[in-house]
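If you want the building blocks of each chain, they are given just below.
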Amino acid sequence: MSEAQQNLCARGGRVVKASEELELLVQRIQQELAPNAEVIHNVKMMGCRSKVNRQIDVLVKERIGQYEIKIVIDCKDYKHPVDVKGVEEFYGLLKDVGGHKGVLVCPRGFSEAAKNRASDLQIDLYSPVDTDPHKWQVVPYIPAMVDWRGVAISFGVSCSYPAPFMMPGNFFSSIVAFDEAGNELGNPVQRLLDQWNKGDITTEEGETGELPIFGDTVPWVDNGYGQRIPVRLYANMLVHRQLRYGQLPIRKMSGFKDELKGVVITNAFEVGILDPEEIDREWREIAKEEEAHPQPVLLLRGVTYYDLQMVKDSGVFGF
C-alpha cells in the first residue's frame, strides 16, 4: 500500500483522511474507557482569549454533581515524534477553550523534551494500542511466567499375610487391585496418576511422604499363585517445578499507552491459546522468579499430565 493510500481510508461510503481516522479511533478507545462519559468527535469551542472557534479533535464531557468536566484530546498523525513545540501549542489551545485536562495522542510517540514539558504542564501523552486492522494496528505482548509442576514417583508394597508372594518386574503397572469383598479398585499406578491429573494430590514443591494409593481401603492383589491376599500399596512423590518465561501474545486489546508512565490503560484484553509445546520450545527456562525481567504480568501454573500408557512407553518411573 502506498503512502498516499495509507493516508486515505474508506468509511461509511466516503473517503476520509488518515488523520480523521485516527481521531475516530481515539474517540472509540476513549468511549470504551469511559462508557458513562460523552465522547464527541470534531467539536468547535469558542476560545476565551482568541474569541474565535477552535477545532477540538475529541472532547470528553462528564458531569460530577453540579460540575461538568471537559477533557480536550488532540490527535497527531505525524511521521515523527511530537516535539516540545507541539506540546506548547496544544497547551495554548487547552487554556484558550477552558479545558480542565489535556491529552495529546500520537502513534509515533514524543521526544524527551516534549515529555518533560508535558509533565510540567500536567498534560497526558498517549499512543493508541489497538489490535483491530488499521494503519496503527499493534501486536502487543504481555510478559508471563509459567510454573510447570511435575512429579517423580516411587512405589512400595508390603505384605504380612501368611501366604507366598511373588512380585513380577511389572507388578505395579500390570496388577489389578480389589477390595476384600471382591470389588475392583483398579491398577495402582493408574489410580495414582488419575489423582495427580485431577489435582487431588498436592502440587506444592517437595516430598509428599508415603501416600496409601487406595486410601483407607485395604487392597487385595494376586500373590502370583492365583490367590488374592491383602497388601499395603503406597507411593512416595517428589513434586518438582520448572519455570518458563516469555511473551504471551494479546489477541484483542484496545487502549492507550501512557508515554510518561510507561503503562497501558485498557479495560480488558484477550490472549490467544497457550500452546505447551511452544512454551517448552521458545520460552526461556529460568531458575527463580527474580530472573524474569521485565516482571511478569501473568503468572500461570500448569501440571504435567500423565497416563498409564505414556508412563509405560517412556519408562519415566522405572516400570
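The preceding data block contains the structure.
Predicted, not measured: the structure shown is a model, and the values here were computed from it. (Residues numbered from 1 in each chain as written. Predicted model: local features only at pLDDT ≥ 70, side-chain atom pairs only at ≥ 80, totals over all residues. Heavy atoms only, no water.)

A. Geometry of the environment of Arg-284. By the element assignment, Arg-284 lies in strand β16 (residues 284-286). The partly exposed category is assigned to Arg-284, whose relative accessible area is 41%. Linking Arg-284 and Arg-244, residues 40 residues apart in sequence, is a C-alpha distance of 5.4 Å. Sequence-distant contacts of Arg-284, defined by excluding residues within four places in its chain, comprise Leu-243, Arg-244, Tyr-245 and Glu-291. At 3.5 Å, the side chain of Arg-284 forms a polar contact with the backbone oxygen of Glu-291. (Helix = DSSP H or I, 4+ residues; strand = E, 2+ residues; numbered from the N terminus. Buried < 20%, exposed > 50% of the residue type's maximum accessible area, 1.4 Å probe, protein only. Contact = heavy atoms within 4.5 Å. Polar contact = N/O pair within 3.5 Å; in protein donor to acceptor, adjacent residues only side chain to side chain.)

B. Region of the structure containing the packing of aromatic side chains. With the rule as written, the count across this model stands at five aromatic pairs. Seen from their ring centres, Phe-171 and Phe-172 are 5.1 Å apart, and the 80° between their planes marks the pair as edge-to-face. Just as Phe-171 is buried, Phe-172 falls in that class too. Here the aromatic cluster, defined as three or more aromatic residues joined through ring pairs, consists of Phe-155, Phe-165, Phe-171 and Phe-172. In this arrangement the basic side chain of Arg-228 is found over the ring face of Phe-178, its NZ or CZ atom lying 3.6 Å from the centre. (Phe/Tyr/Trp six-rings, centres within 6.5 Å; stacked < 30°, edge-to-face > 60°. Lys NZ or Arg CZ within 6 Å of the ring centre and 35° of its normal.)

C. Spotlight on the side chain of Gln-30. When you line up the elements, Gln-30 lands in helix α2 (residues 18-33). For Gln-30, the contacting residues outside a window of four places in its chain are Val-39, Val-60, Ile-73 and Phe-256.

D. Representation of the pattern of salt bridges. Taken as a whole and judged by the stated rule, the model has 19 salt bridges. Between Asp-130 and Arg-28 there is a salt bridge whose closest N-O contact spans 2.9 Å. Of the two residues, Asp-130 is situated in strand β7 (residues 124-130) and Arg-28 in helix α2; the sequence distance between them amounts to 102 residues. Judged by its relative accessible area of 1%, Asp-130 falls in the buried class. A salt bridge links Lys-76 to Asp-74; its shortest N-O distance comes to 3.0 Å. For the pair formed by Lys-76 and Asp-74, the shared burial category is buried. Salt bridges sharing common partners tie together Arg-28, Glu-32, Asp-130, Asp-132 and Lys-252. (Salt bridge = Lys/Arg side-chain N within 4 Å of Asp/Glu carboxyl O.)

E. Representation of the side chain of Asp-179 within the structure. Following the sequence through the fold, Asp-179 ends up in the loop between β9 (177-178) and β10 (184-186). This buried residue, Asp-179, is left without a salt bridge; Arg-228 holds the nearest opposite charge, at 7.2 Å. At 2.9 Å, the side chain of Asp-179 and the backbone nitrogen of Gly-182 are in polar contact. Separated by 2.7 Å, the side chain of Asp-179 and the backbone nitrogen of Asn-183 make a polar contact. Residues in contact with Asp-179, not counting those within four places in the same chain, are Leu-185, Thr-217, Val-218 and Trp-220. (Lys, Arg positive; Asp, Glu negative; His and termini not counted.)

F. Focus on the layout of surface pockets. In this model, the second largest pocket occupies a volume close to 220 Å³. Surrounding the second largest pocket, 16 residues form its lining, Gln-30, Ala-34, Val-60, Glu-62 and Ile-71 being those nearest its centre. Per-element accounting of the lining of the second largest pocket gives the leading share, four residues, to strand β4 (residues 53-64). Within the lining of the second largest pocket, the residues separate by chemical class into 11 nonpolar, one polar and four charged. (1 Å grid on protein atoms, 1.4 Å probe; cavity = no way out; pocket = protein on both sides within 12 Å on 5 of 7 lines; lining within 4 Å. Points joined across faces, edges and corners; volume = space filled by probe spheres on them. Nonpolar A, V, L, I, M, F, W, Y, C, P; charged D, E, K, R; others polar.)

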